[in-house]
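What the coordinates show
Listed below are the residues making up each chain.
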Amino acid sequence: MLSQRQGIVVWLHSLKQAKLLRRYGNVIYISKKLKYVLFYCNSEDTDVLVEKLNRQSYVKKVEVSHKPSIKTHYENSRPDKAKEYDYKMGL
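Computed from a prediction, not measured in an experiment: that's the story for all the values here. (Residues numbered from 1 in each chain as written. Predicted model: local features only at pLDDT ≥ 70, side-chain atom pairs only at ≥ 80, totals over all residues. Heavy atoms only, no water.)

Some thoughts on the pairing of strand E1 (residues 5–12)
Side-chain direction in a regular strand flips from residue to residue, so the side chains alternate between the two faces of the sheet. Our working definition: Burial status follows relative accessibility: with a 1.4 Å probe on protein chains alone, a residue under 20% of its type maximum counts as buried, one over 50% as exposed, and anything between as partly exposed. Only DSSP runs of H or I with at least four residues qualify as helices, and only runs of E with at least two residues qualify as strands; both kinds are numbered from the N terminus onward. For two strands to be treated as a pair, DSSP must find no fewer than two bridges joining them.
A large share of E1 lies buried, amounting to six of its eight residues. One ladder, built from five bridges, connects E1 with strand E4 (residues 59–64); its direction is antiparallel. Looking at E4, one finds that Val9 is bridged to Glu63.

Topic: the packing of aromatic side chains
What counts is decided by this rule: Pairs were defined over the aromatic rings of Phe, Tyr and Trp, the Trp ring being its six-membered one, requiring ring centres within 6.5 Å. Orientation was assigned from the angle between planes: stacked under 30 degrees, edge-to-face over 60, tilted for the rest.
According to the stated counting rule, one finds two aromatic pairs in the structure shown. Centre to centre, the rings of Trp11 and Tyr36 are 5.0 Å apart; their planes meet at 50 degrees, and the pair counts as tilted. On the criterion of sequence distance, the pair formed by Trp11 in strand E1 and Tyr36 in strand E3 (residues 36–42) is long-range, its members being 25 residues apart. Assessed through its relative accessible area of 23%, Trp11 is described here as partly exposed. Ring plane angle 50 degrees and centroid distance 6.0 Å describe the contact between Tyr29 and Tyr36, whose orientation is recorded as tilted. In textbook terms, an aromatic cluster arises when at least three aromatic residues are bridged by ring pairs, as seen for Trp11, Tyr29 and Tyr36.

Points about unusual backbone geometry
Although it is not a glycine, Lys35 adopts a positive phi angle of roughly 60 degrees. Locating Lys35 in the fold gives a position in the loop between strand E2 (26–31) and E3.

Here's the deal with the pattern of salt bridges
Going by this rule: Any carboxyl oxygen of Asp or Glu that lies within 4 Å of a side-chain nitrogen of Lys or Arg is treated as forming a salt bridge with it.
Summed over all chains, the structure comprises one salt bridge. The residue Glu63 makes a salt bridge to Lys61 at a minimum N-O spacing of 3.2 Å. Owing to a relative accessible area of 32%, Glu63 belongs among the partly exposed residues under this scheme.

With respect to the side chain of Ser31
Let me state the cut-off plainly: Working rule for contacts: check all heavy atoms of both residues, and any pair within 4.5 Å makes them a contact.
Here Ser31 is to be found in strand E2. Among the residues examined, Ser31 registers a relative accessible area of 5% and is labelled buried. Other than its neighbours up to four places away in sequence, Ser31 contacts Leu15 and Tyr36.

Section: the sheet that holds E2
The strands that make up a sheet are held in pairs by hydrogen bonds between backbone atoms, and each pair lies either parallel or antiparallel. Condition: Helix axes use the C-alpha atoms of the stretch in contact, all axes being lines fitted to C-alpha atoms, and the angles between their N-to-C directions lie in the range 0 to 180 degrees.
Sheet architecture is open: four strands sit in the order E2-E3-E1-E4, paired in antiparallel fashion. The open sheet is flanked by E2 and E4, the only strands paired with a single partner. Averaged over all neighbouring strand pairs, the angle between strand axes comes to 20 degrees, with direction disregarded. Bridging between E1 and E3 involves seven bridges; their strand directions are antiparallel.

A look at the confidence of the model for the protein chain
Just so we agree on the cut-off: Per-residue confidence from the predictor is reported as pLDDT, which spans 0 to 100.
Here the protein chain shows a mean pLDDT of 86. Residues at 70 or above account for 80%. In the model of the protein chain, helix H2 (residues 81–89) stands out as the element of lowest mean pLDDT, 67, in contrast to E4, which has the highest, 96.

What follows is the structure, given as structure tokens:
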């Protein structure tokens, strides 16, 4: 059974503590230039993790991804007739 996942971006003062974030979830990306870490955790644990991370001294800011709350089903999307014609022609 797959559980719902939530993305969290943690902005750090220094990247020395980036490895410590592995205990909170699955680290996906670490930006060395901008000093942030992107990781995923279970949706149920998001609120608790954000509070824990904000209490850490090495964390500047914590942002939660809005992707699960965005509607991805579009109702009135009609394909462009000119593009359809080009695709059928193989251009």
